[in-house]
Amino acid sequence: MAEKVEYLTPSFKFTPARASPGLYISVTPDKMKNAATLKLDPDYVAIDTTYRCNLACAFCFMAKSSRRKPTGKELPLAVWKKFIDTLSSRRREFYIAGGEPGIRKDLPELVAYIKKGGHRCLVNTNGCSLDIKTAGKLLEAGLDEIAVSFHGTPELHDRIVGRKGAFAKTAAVCAAINSSPLKGVKHLTFWCAINAANHDRLYSVYKALRALGPDHIAFNQLDFIREKDRKKTAALFKNSLGSGLNLRTSESMSDGISVPKLAAETARIKAEKDPSIRFDLDLTEKEMKLWYDPKTGFTKQGFCLGQWNSVWVGPNGDMVSCQPLGHVMGNITQGDWLKTYNGPAYRKFRELLIKQGGFLPTCSRCGRTSYTSAHLESPGAARTLKKG
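Anyway, here's the lowdown on the structure attached to this text. (Residues numbered from 1 in each chain as written. Predicted model: local features only at pLDDT ≥ 70, side-chain atom pairs only at ≥ 80, totals over all residues. Heavy atoms only, no water.)

1. Quick look at the sheet that holds strand 13 (residues 328-331)
Read from one edge of the open sheet, ten strands run 9-8-7-6-5-4-3-11-12-13, paired in mixed fashion. Strands at the two margins of the open sheet, each flanked by one partner only, are strand 9 (277-280) and strand 13. Averaged over all pairs of adjacent strands, the angle between strand axes in this sheet comes to 25°, irrespective of strand direction. Relative to strand 6 (residues 145-149), strand 5 (residues 120-125) is paired through four bridges, and the arrangement is parallel. Considered in strand 6, the bridge of Leu122 is made with Glu145. Contacting strand 6 and strand 7 (187-193), helix 6 (residues 166-179) crosses the sheet at an angle of about 155° to strand 7. The sheet contacts of helix 7 (residues 202-210) involve strand 7, strand 8 (216-220) and strand 9, and relative to strand 8 the element is tilted by about 155°. (Pairing = 2+ DSSP bridges. Helix = DSSP H or I, 4+ residues; strand = E, 2+ residues; numbered from the N terminus. Axes fitted to C-alpha atoms, helices over the stretch in contact; angles between N-to-C directions. Contact = heavy atoms within 4.5 Å.)

Structure representation (structure tokens):
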């Protein structure tokens, strides 16, 4: 039987039976007082190689919620390789995203270098930046998983991402991946963001995506920033960190989402009993009403572990809290990045998280359950919301 562990707050316990290897650290009760000052060496490494993108998704968090610019300095491959070399002591989990990472032609070489170091690597792409030849190079490089963004049936997807023919082009790339002798046990995953345009026809979307033969399909609840949450977090940043907030209000993205329709579509998909399907977060209809109502404030159960087990690096080398929040705490090109990760800026941010009970106000509509301690307790715990 797995040992019960207490995570950062005395009232929260979970059994780490469903943890992915290497993704979670254990903070035991005797270390809780020093949880912000633990000596840490992250297992999970997220790299945004670019913030540029070749599509214009109507719900894009970077475009609607972030104040960061899609243009700017991007580190060359040689610098990324140097950073990866410092991580060679043991196996890590790499997540390559953006923006759209496929815009950079050196993506296959970056993946190959990560795999040469013995690490696991996932690439998140919209698929439209790839061609069949590039997809083949990624498989040759040893890519473990490719997560492709699909948000609708062919016509609907093209409308949502703002590019005619996007679905067909991406589907052709996925077909080439599935038919390649190099695929082996590698995973092809589809990520679908629930939004105003597709929420009432999600079952049709599921059927269209299932026909393309992915190994997994994830339906992700819409991320957005409430105005009240933004103001509260901005005040916390000013008073506790002495910095500004890189977020904008985007609660209008929830306009037009009918919770009864979304709940009905979700139920139809679940009735298929397809083991490859998951919902992040897996909300009840009552919880959907809380999630998609910007007037409602709530707190989530659990604790964001991203600052204890993960390092997220932006295109210019900035070490950020996470891509959504984008709080800069150092740069991998300026000295020893691991000292920075264990330095005063990260420590102050971790202390703030602890004082806030595990999440900041702007985390309320973040569906990234892989970062959440409650994700490990039970399927229900990962989505327990408390109104207030």
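2. Some remarks on a positive patch on the surface
There is a patch of like positive charges on the surface, built from Lys64, Arg67, Lys69 and Arg248. Looking at where Lys64 falls in the secondary structure, it is placed in helix 1 (residues 61-64). Residue Lys64 is classed as partly exposed on the basis of its relative accessible area of 39%. (Patch = residues over 30% accessible without salt bridge, like charges linked within 9 Å, V, L, I, M, F, W, Y side chains within 5 Å. Areas by Shrake-Rupley, 256 points an atom, 1.4 Å probe, with all protein chains shown as cover. Salt bridge = Lys/Arg side-chain N within 4 Å of Asp/Glu carboxyl O. Lys, Arg positive; Asp, Glu negative; His and termini not counted. Charge placed at Lys NZ, Arg CZ, Asp CG, Glu CD. Buried < 20%, exposed > 50% of the residue type's maximum accessible area, 1.4 Å probe, protein only.)

3. A few points about the pairing of strand 11 (residues 310-313)
The alternating pattern of strand 11 places Ser310 and Trp312 and Val311 and Val313 on opposite faces, both of which are buried. Pairing of strand 3 (residues 44-48) with strand 11 involves four bridges; the strand directions are parallel. By the bridge assignment for strand 11, Ile47 is matched with Val313. Two elements, strand 11 and strand 12 (residues 318-320), share two bridges in a ladder whose sense is antiparallel. Looking across to strand 12, one finds that Val313 is bridged to Met319. Following strand 11, the chain reverses through four residues before pairing antiparallel with strand 12; Gly317 in that reversal takes a positive phi of roughly 95°.

4. Some details on the environment of Leu262
Within the element layout of this structure, Leu262 appears in helix 9 (residues 259-271). When the C-alpha positions of Leu262 and Asp200 are compared, they lie 5.6 Å apart, and in sequence the two are 62 residues distant. Residues within four places of Leu262 in sequence aside, it is in contact with Ile194, His199, Leu202, Gln221, Ile257, Met288 and Tyr292.

5. Quick notes on the pattern of salt bridges
Tallying each qualifying case throughout the model produces 20 salt bridges. The shortest N-O distance in the salt bridge between Asp274 and Arg210 comes to 3.2 Å. Of the two residues, Asp274 sits in the loop between helix 9 and strand 9 while Arg210 sits in helix 7, which places them 64 residues apart along the sequence. We classify Arg210 as partly exposed; its relative accessible area is 24%.

6. Some details on the nonpolar core
Core analysis: the biggest nonpolar cluster contains 106 residues, and Phe83, Phe219, Tyr292 and Leu360 have the highest contact counts within it. Here this core gets six residues from one element, more than from any other, and that element is helix 6. Setting aside anything within four residues of it in sequence, one finds Leu360 in contact with Thr233, Leu236, Phe237, Leu325, Phe349, Leu352 and Leu353. (Core = buried A, V, L, I, M, F, W, Y, C linked by side-chain atoms within 4.5 Å.)

7. Notes on the side chain of Asn195
Relative to the assigned elements, Asn195 resides in the loop between strand 7 and helix 7. The class for Asn195 is buried, based on a relative accessible area of 5%. Here Ala197 takes part through its backbone nitrogen, which lies 2.9 Å from a polar atom of the side chain of Asn195. In contact with Asn195, not counting residues within four places along its chain, are Phe59, Ile160, Leu222 and Ile257. (Polar contact = N/O pair within 3.5 Å; in protein donor to acceptor, adjacent residues only side chain to side chain.)

8. Quick notes on the side chain of Asp48
Inspection of the secondary structure puts Asp48 in strand 3. Since its relative accessible area comes to 0%, Asp48 is described here as buried. In this view, Asp48 contacts Trp80, Ala97, Gly98, Trp312, Val313, Gly314, Pro315 and Gln323; residues no more than four positions away in its chain are not counted.

9. Details of helix 7
The set of residues buried in helix 7 consists of Leu202, Tyr203, Val205, Tyr206, Ala208 and Leu209. The elements touched by buried residues of helix 7 are helix 5 (154-161), helix 6, strand 7, strand 8, helix 9 and strand 9.

10. Let's talk about the packing of helix 4 (residues 132-140) against helix 6
The interhelical angle for the contact between helix 4 and helix 6, taken along N-to-C directions, is 40°, at an axis separation of 9 Å. The angle between the axes of helix 4 and helix 6 places the two elements in the oblique class. Crossing of helix 4 against helix 6: the hand is right-handed. Where helix 4 approaches helix 6, its residues Ile132, Ala135 and Leu139 are matched on the opposing element by Ala172, Val173, Ala176 and Ile177. In the contact of helix 4 with helix 6, the residues fall into seven nonpolar, no polar and no charged. (Parallel < 35°, antiparallel > 145°, perpendicular 65-115°, else oblique. Left-handed = near helix turned anticlockwise from the far one by under 90°. Nonpolar A, V, L, I, M, F, W, Y, C, P; charged D, E, K, R; others polar.)

11. With respect to the environment of Ile114
Tracing the backbone shows Ile114 in helix 3 (residues 107-116). A C-alpha to C-alpha distance of 9.6 Å links Ile114 and Leu87, two positions 27 residues apart in sequence. Those residues in contact with Ile114 that sit more than four places away from it in its chain are Ile84, Phe94, Ile96, His119, Arg120 and Cys121.

12. A short note on the packing of aromatic side chains
Evaluated as defined, the whole model comprises twelve aromatic pairs. When the centroid spacing of 5.8 Å and the interplanar angle of 85° are considered together, the rings of Tyr95 and Trp312 count as edge-to-face. Highlighted residues: Tyr95 in strand 4 (residues 93-97) and Trp312 in strand 11, separated in sequence by 217 residues. Looking at Trp312, the relative accessible area reads 6%, which means it is buried. With 4.8 Å between their ring centres and 55° between their planes, Tyr341 and Tyr346 make a pair best called tilted. Residue Tyr346 is classed as buried on the basis of its relative accessible area of 1%. Site record: aromatic cluster; members linked through ring pairs are Trp80, Phe83, Trp337, Tyr341 and Tyr346. Stacked on the ring of Tyr203, the Lys or Arg Arg268 has its end atom at 3.9 Å from the ring centre. (Phe/Tyr/Trp six-rings, centres within 6.5 Å; stacked < 30°, edge-to-face > 60°. Lys NZ or Arg CZ within 6 Å of the ring centre and 35° of its normal.)

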